[in-house]
Structure formats: C-alpha cells, structure tokens
Amino acid sequence: MSAETRRRHTSRVAYLGIDVGGTKIAAGIVSGEGEVLDRVQVPTPDGDADLVFAAIEECVRQLDTDVDAVGVASAGPLDLRAGTASPVNIPEWRGFPLRDRVRQLFPDTDVVLANDGLCMALGEHWVGAGRGTDDLIGLVVSTGVGGGLVLGGRAYPGRTGNAGHIGHTAVDEEPDCPCGGVGCVEVRASGPNLVTWARSQGWNAPDGADAKALADAATAGDKIAMAAFERSGQAVGMAIAATAVMFDLELAVVGGGVAQAGELLFAPIRSAVARHAKLTYVSDLRVVSAELGKDAGIVGAASLVARPATMPSPPE
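Treat the numbers as computed from the prediction; the structure is a model and nothing was measured. (Residues numbered from 1 in each chain as written. Predicted model: local features only at pLDDT ≥ 70, side-chain atom pairs only at ≥ 80, totals over all residues. Heavy atoms only, no water.)

Draft legend 1. Region of interest: a negative patch on the surface. Residues Asp134, Asp248, Glu250 and Asp284 make up a contiguous surface patch of negative charge. With respect to the helices and strands, Asp284 occurs in the loop between α9 (263-276) and β12 (286-289). (Patch = residues over 30% accessible without salt bridge, like charges linked within 9 Å, V, L, I, M, F, W, Y side chains within 5 Å. Areas by Shrake-Rupley, 256 points an atom, 1.4 Å probe, with all protein chains shown as cover. Salt bridge = Lys/Arg side-chain N within 4 Å of Asp/Glu carboxyl O. Lys, Arg positive; Asp, Glu negative; His and termini not counted. Charge placed at Lys NZ, Arg CZ, Asp CG, Glu CD. Helix = DSSP H or I, 4+ residues; strand = E, 2+ residues; numbered from the N terminus.)

Below, the structure written as structure tokens:
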C-alpha cells in the first residue's frame, strides 16, 4: 500500500472485507463510505483446509490491517450459529470454523461472517446498482451461482445464514447437482457447467476453455455457445421470477464472471422473468447488471460491520 493511500484511511474509520469463493480469495480495505482503498486477490488453492485458509492469511498480510472491524463473505452453505462454512465449490471445507480462524488473526476486533451472495447484495444496495431500492436480490453467476436478499432495507440471512441461495433452487428435473439436489440453477448456469454442457453438445474448443471463451464463441455466432447462454439465462430468470413472487421484490442485480457476457445472458434472463413473473405486484420487477464488479464481495463484507443497522441480530 502506498504512503498516500495509508494516510487516507488511517485517519478515519476503515474496515477489512474478505471475500472467499471457489475461484478466488480477495480482501480489501474499505472506507466508511464504501470506497475500496486497497485490495489484493489470489486464486483459491487446491489442497487441504488449512492451505485454503493460508490464502486468506496471505491476503491479510499484504494489506494494512489496522482496521476497525472485519467482515467475511464466504460461499456457502454456512452455519452462522457455529461460524462455519461448507462451500459446495470448496470441498476441502466442511464445517470449517472460518469465523473463529479469522478472529485468531484479529483477536481484538469484531468479525462478522455472512454468505457471499448476501454480501454481494448488501454491497450493491450500499453503493452499487441497488442504491435506493429496499427489496432486492443480488446474484453472483460465476464458478457457482450464489444469491442474497435485502428486504425492507435490511439483510435477510434467514435462520442459518443461507437465505437467498438461489443457485440451489430447482428449475428442472435433471441433472443431479453436487449439493445432492436435482435440476439446480447452478447445474445449468455456472461457468464450468456452461462449458461442460456446450462440450456435450459438440462445442469444439481447446482444453482449458472457460466461460469467457464460450461467450466469445457465442458473440462470433457459434450456435452451441449461444444455446448454452440461452439455457443458462432461462434458468436464472426462472429462479429470479420465483423468488420475486415469493418475497415481493422490485429488483434483481446480477453480477459475477459469467454476467460479463452481457446480453448473451441478460436477454434470456429478462425473457424468462417476463414469462414467469406475471402477478401484478411483480410486473415492474427489474433485472440490472451489478456495478461493483470484482469489488462487490469485498464491499459487501465490509458492509456487514460498517452498517450494522442493516444487519439482524446474530443467531444465538
């Protein structure tokens, strides 16, 4: 961190946001106004549970950690009562004591844990595409598909911290999902699953081709690639419509790496929402692109501690 940047945030309130996902682990210093002052990012490593946590420690070491409080966003499922994480996309963590391990790094500092989808929603609600909107869902379409709810201007983590986990709602009768369910949104819409489906349909791409390569192919007119995004967007749109009807939402904010494909994904999402969300009270439901990009999880994690009025009391 530069001396100038350090001077900017050591004289005022600053928070550390940590964002743990299946592809990357990021951390950043965030001001009380939601501005990211400094950030670092590393790939999520393959290996045992401690090796994954060591990536968090590495991010923390690279930042000035003289902060007022720490927020942690993690892929789920979570158990907020126990402070543990069991992400579908980080198989090394099953019941991993994430909150307590982070507290060991910051023994005299408040540490709050929440689902990464909820943190994305909170970040967008604070300083992103959800500003001024009190009832929304935020979605992250990336290695997995996560989500979180803001209702009445407050976070809604649910009983265990996993409310809004839209990626594991069922939109089809097949295929099986690693979560144990069947026909989950994530099986159709996540980046790796997009590529897997396209290959199964005959998409000829080099080894290592990812969702961006698939999007490039779709933009160039490849029909299989285009069909993959249509299939993905329809699944996401169906899930958004069902959630909006259930919770009386006015906005869905969609981000994550796959969402960088733009209208390849957003056009079928909006088409599915229009088809399935027919009740009058969701007739004005909007679907918009997230604004915070790669900083959404960091800002949302910081929001957990920077804006305590938006958070319910922690479970006992």
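Draft legend 2. The side chain of Ser232, seen in detail. Among the structural elements, Ser232 can be located in helix α8 (residues 223-247). Relative accessible area serves as the criterion here: at 0%, Ser232 is assigned to the buried category. Engagement of the side chain of Ser232 in a polar contact is seen with the backbone oxygen of Ala189, the distance being 3.4 Å. Not counting residues up to four positions away in its chain, the partners in contact with Ser232 are Arg188, Ala189, Leu194 and Leu265. (Buried < 20%, exposed > 50% of the residue type's maximum accessible area, 1.4 Å probe, protein only. Polar contact = N/O pair within 3.5 Å; in protein donor to acceptor, adjacent residues only side chain to side chain. Contact = heavy atoms within 4.5 Å.)

Draft legend 3. Spatial organisation of the nonpolar core. Core analysis: the biggest nonpolar cluster contains 43 residues, and Phe229, Ile240 and Val254 have the highest contact counts within it. With nine residues, α8 is the single largest residue contributor to this core. Once you skip the residues sitting within four places of it in the chain, Val254 turns out to touch Met120, Leu139, Val141, Ile240, Ala259, Phe266, Ile269, Val287, Val288, Ser289 and Ala290. In terms of nonpolar packing, the next biggest core, distinct from the first, is built from 32 residues, Ala14, Ala27, Val52 and Val67 among them. (Core = buried A, V, L, I, M, F, W, Y, C linked by side-chain atoms within 4.5 Å.)

Draft legend 4. Examining the environment of Leu149 more closely. Tracing the backbone through its elements, the reader meets Leu149 in strand β9 (residues 145-151). A residue is classified by how much of its surface remains accessible, and Leu149, at 1% relative accessible area, is buried. In this structure the C-alpha to C-alpha distance between Leu149 and Phe247, which are 98 residues apart in sequence, comes to 9.0 Å. Setting aside residues no more than four positions away along its own chain, Leu149 makes contact with Leu118, Leu136, Ile137, Arg154, Ala155, Tyr156, Gly164, Thr243, Phe247 and Leu249.

Draft legend 5. Examining α8 more closely. Its 25 residues give α8 an end-to-end C-alpha distance of 36 Å, which sits within 8% of 36 Å, the value for a rise of 1.5 Å per residue. Two or three places before Ile224, at the start of α8, stands the capping residue Asp222, its side-chain oxygen 3.0 Å from that residue's backbone nitrogen. Where α8 terminates, the next one or two residues include Asp248, which has phi positive at roughly 60°. (Expected span 1.5 Å × (residues − 1).)

Draft legend 6. Expanded view of the packing of aromatic side chains. Tallied over the full model, the rule gives three aromatic pairs. Both rings, one in Phe53 and one in Phe96, keep their centres 6.0 Å apart while their planes meet at 45°; by these two values the pair is tilted. Of the two residues, Phe53 sits in helix α2 (residues 49-61) while Phe96 sits in the loop between β6 (84-85) and α3 (98-105), which places them 43 residues apart along the sequence. Each member of the pair, Phe53 as well as Phe96, carries the same accessibility label: buried. Pairing Trp93 with Phe96 gives two aromatic rings, centres 4.4 Å apart and planes at 0°, and the pair type is stacked. As far as burial versus exposure is concerned, Trp93 and Phe96 are alike and both buried. Joined through ring pairs, the aromatic side chains of Phe53, Trp93 and Phe96 make up one cluster. Between Arg101 and the ring centre of Phe53, over which it is positioned, the NZ or CZ distance is 4.5 Å. (Phe/Tyr/Trp six-rings, centres within 6.5 Å; stacked < 30°, edge-to-face > 60°. Lys NZ or Arg CZ within 6 Å of the ring centre and 35° of its normal.)

Draft legend 7. Focus on the packing of helix α7 (residues 211-219) against α8. Between α7 and α8, the least distance of the axes is 7 Å, while the angle of their chain directions is 115°. Crossing handedness for the pair α7 and α8: left-handed. In this structure, α7 contributes Ala211, Leu214, Ala215, Ala217 and Ala218 to the contact, and α8 contributes Ala225, Met226, Ala228 and Phe229. Split by residue class, the contact of α7 with α8 holds nine nonpolar, no polar and no charged. (Axes fitted to C-alpha atoms, helices over the stretch in contact; angles between N-to-C directions. Left-handed = near helix turned anticlockwise from the far one by under 90°. Nonpolar A, V, L, I, M, F, W, Y, C, P; charged D, E, K, R; others polar.)

Draft legend 8. Molecular detail of α3. Those residues of α3 lying buried are Leu98, Arg99 and Val102. All buried residues of α3 fall inside an arc of 95° around its axis, so they share one side. (Arc of directions from axis to C-beta.)

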